[in-house]
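# Structural features, examined
The primary structure of each chain is shown beneath.
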Amino acid sequence: MRRLFPVPAETSAETSAEASAAASARASAEDREWGLGELADAYAYPEPPHGPSGAWLRANMVSSLDGAAHHDGRSKALSSDADMRIFGVLRGLADAVVVGAETVRREGYRPARAREAFAERRAALGQPPAPAIAVVSASLDLDFSRPLFTEPLVPTIVITGATAAEERVGLARAAGAEVVFAGSGPSGRVDAAAVVTALAELGHTRLLTEGGPTLLAEFAAAGVLDELCLAVAPLATAGDAKRIMNGPELREPERFALASVLEEAGFLFTRYRRIYQ
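Rules behind the numbers
- Residues numbered from 1 in each chain as written.
- Predicted model: local features only at pLDDT ≥ 70, side-chain atom pairs only at ≥ 80, totals over all residues.
- Heavy atoms only, no water.
- Helix = DSSP H or I, 4+ residues; strand = E, 2+ residues; numbered from the N terminus.
- Buried < 20%, exposed > 50% of the residue type's maximum accessible area, 1.4 Å probe, protein only.
- Contact = heavy atoms within 4.5 Å.
- Core = buried A, V, L, I, M, F, W, Y, C linked by side-chain atoms within 4.5 Å.
- Salt bridge = Lys/Arg side-chain N within 4 Å of Asp/Glu carboxyl O.
- Pairing = 2+ DSSP bridges.
- Axes fitted to C-alpha atoms, helices over the stretch in contact; angles between N-to-C directions.
- Polar contact = N/O pair within 3.5 Å; in protein donor to acceptor, adjacent residues only side chain to side chain.
- Parallel < 35°, antiparallel > 145°, perpendicular 65-115°, else oblique.
- Left-handed = near helix turned anticlockwise from the far one by under 90°.
- Nonpolar A, V, L, I, M, F, W, Y, C, P; charged D, E, K, R; others polar.

### Topic: the side chain of T205
- You can see T205 is positioned in the loop between α8 (192-201) and β7 (206-209).
- Residue class for T205 comes out buried when judged on its relative accessible area of 13%.
- Sequence-distant contacts of T205, that is, excluding residues within four places in its chain, are made with P49, H50, G54, A55, W56, D95 and A200.

See below:
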């Protein structure tokens, strides 16, 4: 893996500290395997992790060269070893991982696990050993007998709307899930902005969403997406797969600034941060 952006600056008059930092930056531009700690530093949340919403919501998605968010219904076909390492690092830094119900069903989601590589870092920030998985579902059409609900290290959170069926709410709670209501409208839909607010009120301010495309589009439309970590796979799929965001067109395009680009085996790992006016 190597860093393509930002490119380390060369200076002729460096202090010892600056020289050390420059040497470290030049080393990150070399094509070599990065350790988990180095990746964690590269993807660290801002401190404090507060955007305008009261939390910092980053998304992690993968796309083919021709814009597909999945192949044959799953994103795994577009992934790589480096992509999975970064996937694990982003989870290792998060308080909670927010995901849509359809993605939970399609990808066979399981609880996040504790990893020794991130234990010290998480403890220093007052985080539990692993992030909570927060599932967004208006209908609560979920299999509460799955390990995601019955075997989590940290209780799974289910985020639903105000009109969710009491029977389904009861099943979720009986399985050990924490039920959170986000959205009070008669439609029963979950309000994307309220999801972020509700999680922040629970103390989860370092948020990571892994989609799917519909949920990510809703976060973008609500103006609460602070950062996008997008892996571009050197693959073409054609077909009619969804893009990484699949929802109503935003009234005005949101502007993001490029924060970093890493490369390994032709995969580009980009990171963009939203520009706030």
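### Thoughts on the nonpolar core
- Counting residues in each nonpolar core, the largest one holds 45 residues, and the members touching the most others are M1, L39, Y43, I133, V135, F149 and F269.
- For this core, the element with the most residues is helix α3 (residues 81-93), which contributes 5 residues.
- Ignoring anything within four residues of it in the chain, the contact list for I133 reads R91, V97, V99, Y109, R110, P111, A112, L148, T156 and I157.
- The next biggest cluster of nonpolar side chains, apart from the first, holds 31 residues, and it includes A59, M61, A69 and A200.

### Some points on unusual backbone geometry
- With an omega of -5°, the peptide bond between E47 and P48 qualifies as cis.
- Position of P48 among the secondary structure elements: in the loop between α2 (36-42) and β2 (56-63).
- A cis amide bond, omega 10°, links G211 with the succeeding residue G212.
- Relative to the helices and strands, G212 resides in the loop between β7 and α9 (213-222).
- Positive phi, normally seen in glycine, also occurs at L140, with a value near 60°.
- Under the relative-accessibility criterion, L140 is labelled buried at 0%.

### A few points about the pattern of salt bridges
- Counted by the stated rule, this structure contains 15 salt bridges.
- Among the salt bridges present, the one from R273 reaches E227, with a minimum N-O distance of 3.2 Å. On the criterion of sequence distance, the pair formed by R273 in strand β10 (residues 267-274) and E227 in strand β8 (residues 227-232) is long-range, its members being 46 residues apart.
- E254 is the salt-bridge partner of R274, the closest N and O atoms lying 3.2 Å from each other. A residue pair is termed long-range when its members are at least 10 positions apart, and R274 in strand β10 and E254 in the loop between β8 and β9 (256-264) qualify at 20 residues.
- Of the residues examined, R274 reaches a relative accessible area of 17% and is grouped as buried.
- Within the structure, one salt-bridge network assembled from shared partners comprises R58, E227, R271 and R273.

### Looking at the sheet that holds strand β3 (residues 96-100)
- Taken in spatial order, the 10 strands line up as β1-β9-β10-β8-β2-β7-β3-β4-β5-β6 in an open sheet, and their pairing is mixed. Among the strands making up the open sheet, the edge pair consists of β1 (2-5) and β6 (178-181). Each strand axis lies, on average, 25° off the axis of its neighbour in the sheet, ignoring direction.
- In terms of strand pairing, β1 meets β9 through 3 bridges, oriented antiparallel. If you follow R2 over to β9, its bridge partner there is E263.
- Against the sheet, α3 engages β2, β3, β4 (132-136), β7, β8, β9 and β10, with an angle of about 165° to β2.

### Things to note about α8
- When we look at burial in α8, the residues that qualify are A192, V195, V196, A198, L199 and A200.
- Sitting at the amino-terminal end of α8 is D191, which places a side-chain oxygen 3.3 Å from the backbone nitrogen of A193.
- The first or second residue beyond α8 is G203, which carries a positive phi of 95°.

### As for the pairing of β3
- The buried fraction of β3 is high, at 5 of 5 residues.
- Because side chains alternate across β3, one face comprises the buried residues A96, V98 and G100, and the other comprises V97 and V99, equally buried.
- As judged from the 5 bridges shared by β3 and β4, these two strands associate in the parallel manner. For V97, the partnering residue across the bridge sits in β4 and is I133.
- Taken together, the 3 bridges between β3 and β7 define a ladder with parallel strand orientation. Residue pairing across strands places A96 opposite L207, the latter belonging to β7.

### A few points about the packing of α3 against helix α5 (residues 116-124)
- Where α3 meets α5, the closest approach of the two axes is 9 Å, and the angle between their N-to-C directions is 30°. Here α3 lies roughly parallel to α5, going by the angle between them. The hand of the α3/α5 crossing is right-handed. For the pair formed by α3 and α5, the contact residues are G88, V89, R91, G92 and L93 on the first element and F118, R121 and R122 on the second.
- Residues that form the contact of α3 with α5 fall into these classes: 3 nonpolar, 2 polar and 3 charged.

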